[in-house]
Amino acid sequence: MDVRTKMIIRDIAEEGQYEKLRKLLIYFPKIVNEDISYDNSGKTILHHLTWLAPDDIMTKKCIKFMIQVANADINITDNSNQTPIDMSQECHKKTILDILNENYTENNMNISN
């Protein structure tokens, strides 16, 4: 993926633009867990959402869609070994952290059952 495309996707994620993100992932589902950082740091769309998007309802909606519909990996690590959960903790984003932890718990329960 070229740098310009990564920048467009990153901007959509960082602004928590639900409709644009939803359409993007419907048409290009394979990008959900790809590195979209301009510096190839391994950050996915979910990393950018948890790190830079506002801690609000629209971002929460984006994250829910990514996890529940687009199958985003909440345990994926970037090149600094940080998961999206680590990033939301570091940035003190409670709304985002709550939805990630809720889905992390559900995923672990589903694996153990």
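Use the structure listed above.
It should be emphasised that the depicted structure is a prediction, and the values quoted were computed from it without experimental measurement.

J.: I'd like a rundown of the overall build of the protein chain, residues and numbers included.
T.: Broken down by element type, the protein chain carries 6 helices and 0 strands. Tracing the protein chain from N to C terminus, the helices and strands come up as α-α-α-α-α-α. Taking 2.2 N^0.38 as the reference for a compact globule, 113 residues should give roughly 13 Å; the C-alpha atoms of the protein chain span a radius of gyration of 13 Å, in line with that estimate. When its C-alpha atoms are laid out on the principal axes, the protein chain stretches across 40 × 30 × 25 Å. Buried residues in the protein chain amount to 43% of all 113 residues. Nonlocal contacts in the protein chain, meaning residues at least 24 apart in sequence, comprise 65% of its contacts between residues at least 6 apart. Here the protein chain displays about 6,400 Å² of accessible surface, and carbon together with sulfur accounts for 51% of that area. Looking at charge distribution, the protein chain has the averaged site of its 13 positive side-chain charges lying 6 Å from that of its 17 negative ones.

J.: Mind laying out unusual backbone geometry, listing which residues take part and the relevant values?
T.: Of note in this structure, Asn40 is not a glycine but carries a positive phi near 55°. Take Asn40: it is sitting in the loop between α2 (18-27) and α3 (45-52). What makes Asn40 partly exposed here is its relative accessible area of 47%. Within the chain, Asn81 stands out as a residue other than glycine whose phi angle is a positive 65°. Inspection of the secondary structure assignment puts Asn81 in the loop between α4 (57-68) and α5 (84-90). A relative accessible area of 58% places Asn81 in the exposed class.

J.: Pulling in residues and values, what's your account of α3?
T.: Residues lying three or four places apart along an α-helix face the same way, a consequence of the helix completing one turn every 3.6 residues. Here α3 lies mainly inside the structure; 6 of its 8 residues are buried. The complete set of buried residues in α3 reads Ile45, Leu46, His47, His48, Leu49 and Thr50.

J.: How would you summarise the nonpolar core if you had to cite specific residues and measurements?
T.: One finds Leu21, Leu25, Ile45, Leu49 and Met66 to be the most contacted residues of the largest nonpolar core, which totals 27 residues. Going through the elements one at a time, α1 (3-14), α2, α3, α4 and α6 (94-112) are the ones with two or more residues in this core. Apart from residues no more than four positions distant in its own chain, Leu25 is found in contact with Ile31, Val32, Ile45, Phe65, Met66 and Ala70.

What counts, and where the lines are drawn
- Residues numbered from 1 in each chain as written.
- Predicted model: local features only at pLDDT ≥ 70, side-chain atom pairs only at ≥ 80, totals over all residues.
- Heavy atoms only, no water.
- Helix = DSSP H or I, 4+ residues; strand = E, 2+ residues; numbered from the N terminus.
- Rg over C-alpha atoms; globule rule 2.2 N^0.38 Å.
- Buried < 20%, exposed > 50% of the residue type's maximum accessible area, 1.4 Å probe, protein only.
- Contact = heavy atoms within 4.5 Å.
- Areas by Shrake-Rupley, 256 points an atom, 1.4 Å probe, with all protein chains shown as cover.
- Lys, Arg positive; Asp, Glu negative; His and termini not counted.
- Charge placed at Lys NZ, Arg CZ, Asp CG, Glu CD.
- Core = buried A, V, L, I, M, F, W, Y, C linked by side-chain atoms within 4.5 Å.

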